[in-house]
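Notes for the structure review
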Amino acid sequence: MSTIKDVAALAGVSTATVSRVINRDTTYKMTDATREKVWQAVAELNYKASATPRKLRHTTQDNTQIKRIGCILSVTRGKYNDPYYLSILSSFEEQIIKRNCVMAFVRGSTELDNPEILARTLDEDLDGLILMNTLTESTFSTLASRIPYIVGIDTRHPTIDNIGYDHYDCSAMAIHHLISLGYRDIGFVGGSEAFKNESRRFRGYIAAMYAAGLQINPDWIFFSEWDDEYLIRLIEDAYRKKKLPRAIFASSDLMAMAVLRSLYNLHVSVPEEVAVMGLTNLEMSKYSNPPLTTIDLPTTAMGSVAADVLLSRMQGDTSIPKEILLPASLVRRDSV
């Protein structure tokens, strides 16, 4: 077990300095760089101060101890801005509350890049964690060493249970639907171009197009970086260059609605001139103009199953990690 001396040695500071940082003592002046080094060392050594009090544990009326569960969300520009993850979280929380558990915190995955926040997370005295993003191996290993049970939502960590859906099949389902309606020039909206070869949704699009013997035009592929304003500019640029496809499949409803907004601003009729299809079936997608044809992802079921699996682990399930893929379905509306 690491000691405060180990932390001090790794950070290159005195044990007194380590103590002041951990206890957030502001009596003495200290640079941000020094604090950063200390928190980095704390996280690296998995150090937990023996004097740190454990979180107050509440019990129910029958003296059952209430379990503490944390959540790490996948976010880019705000903690609570993606209805997809919030729907999963809402269902998950509803289930655990029924079974004597509480949500100890909800944090964005990018927050863990801050050594102080990572150290604080490790000190939360958690019984379990729901993880909604793939972390760096170092950060994940650090969390897994201190949190006994972790369940993932579509993560790439094979050592934990994962609940999700088949990204590849959902993308292929969307393309097959567009083809069945007679569309041939079909574009794709994805997230990060840097990770396109790892994107199962992008691979599903490519495979379905090739299987149908259809052309894939690089001009019809838009990597949005999950930024709606940036995507709007990409669509506007394609319109000005007369390079819009006849139909566009966006790999999230939020991005599909950004495409709709851009086409509306350009006075391009949907679906008469360009058809648009999404993936998620967010509640708001039925109210877009026109209502969005999409693939319904079982977010409520994903949250519920994740809660069942995590609580089963907490109750002694020692079976090998499992991947559970829940079925998705086509929702026909007026945008194609």
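Before going into details, it helps to say that this report is about the structure given with it.

Taken in spatial order, the 6 strands line up as β2-β1-β3-β4-β5-β11 in an open sheet, and their pairing is parallel. Strand pairing shows two members of the sheet lacking a second neighbour, β2 (101-108) and β11 (323-325), which therefore form its edges. Here the average twist between neighbouring strands, direction ignored, is 20°. Pairing of strand β1 (residues 67-73) with strand β3 (residues 128-131) involves 4 bridges; the strand directions are parallel. In the sheet register, C71 faces β3, and the bridge partner there is I130.

Moving on to the packing of helix α1 (residues 4-11) against helix α3 (residues 32-44). Relative orientation of the contacting elements α1 and α3 amounts to 125°, with a least axis distance of 9 Å. One way to sum up the angle between α1 and α3 is to call them oblique. When the axes of α1 and α3 are compared, the crossing they make is right-handed. Along the contact surface, α1 presents V7, L10 and A11, while α3 presents K37, V38, A41, V42 and E44. Of the residues assigned to the contact of α1 with α3, the class counts are 6 nonpolar, no polar and 2 charged.

So, about the pairing of strand β5 (residues 161-164). Going residue by residue along β5, you find D161 and I163 tucked away on one face and N162 and G164 tucked away on the opposite face as well. Across 3 bridges, the pairing between β5 and β11 is parallel. The partner of I163 across the bridge, within β11, is I324.

Tracing the chain through its elements places L126 in the loop between α5 (115-122) and β3. Considering only alpha carbons, one finds L126 and R68, 58 residues apart in sequence, at a separation of 5.2 Å. Look past the residues within four positions of L126 in its chain and what remains in contact with it is R68, I69, G70, A104, F105, I147 and P148.

Attention now moves to the sheet that holds strand β8 (residues 247-250). What the 4 strands build is an open sheet, ordered β7-β6-β8-β9; its pairing is parallel. This sheet does not close on itself; its edge strands, each paired only once, are β7 (221-223) and β9 (275-277). Averaged over all pairs of adjacent strands, the angle between their axes in this sheet comes to 15°, without regard to strand direction. Summarising the sheet, β8 and β9 pair through 3 bridges and their orientation is parallel. Following the sheet pairing, A247 is matched in β9 by A275. Helix α7 (residues 167-180) rests against β6 (186-190), β8 and β9 of the sheet, and its axis sits at about 165° to β8. Each of β6 and β7 touches helix α8 (residues 200-211); the most contacted strand, β6, lies at about 170° to it.

Reading the values: rules and limits
All residue numbers refer to positions counted from 1 along the written sequence of the respective chain. Thresholds applied to this predicted model are a pLDDT of at least 70 for local features of residues and 80 or more for the giving and counting of side-chain atom pairs; totals over whole chains, interfaces and linings are not thresholded and use all residues. Computation of side-chain values: all heavy atoms of the structure, hydrogens and water removed. For two strands to be treated as a pair, DSSP must find at least two bridges joining them. Only DSSP runs of H or I covering at least 4 residues are called helices, and only runs of E covering at least 2 are called strands; the numbering of each starts at the N terminus. To obtain each axis, a line is fitted to C-alpha atoms, and for helices this fit is confined to the stretch in contact; angles are then taken between N-to-C directions over 0 to 180 degrees. Should an angle lie under 35 degrees it is considered roughly parallel, over 145 roughly antiparallel, and from 65 to 115 roughly perpendicular; all remaining angles are considered oblique. Here a crossing is taken to be left-handed if its near helix is turned anticlockwise relative to the far helix by less than a right angle, and right-handed if that turn runs clockwise. The contact criterion used throughout is that any non-hydrogen atoms of two residues lie within 4.5 Å. The nonpolar class holds Ala, Val, Leu, Ile, Met, Phe, Trp, Tyr, Cys and Pro. Asp, Glu, Lys and Arg form the charged class, and all remaining residues, Gly among them, are polar. The classification of residues rests on relative accessible area computed with a 1.4 Å probe and restricted to protein chains. Under 20% of the type maximum is buried, over 50% is exposed, and intermediate values are partly exposed.

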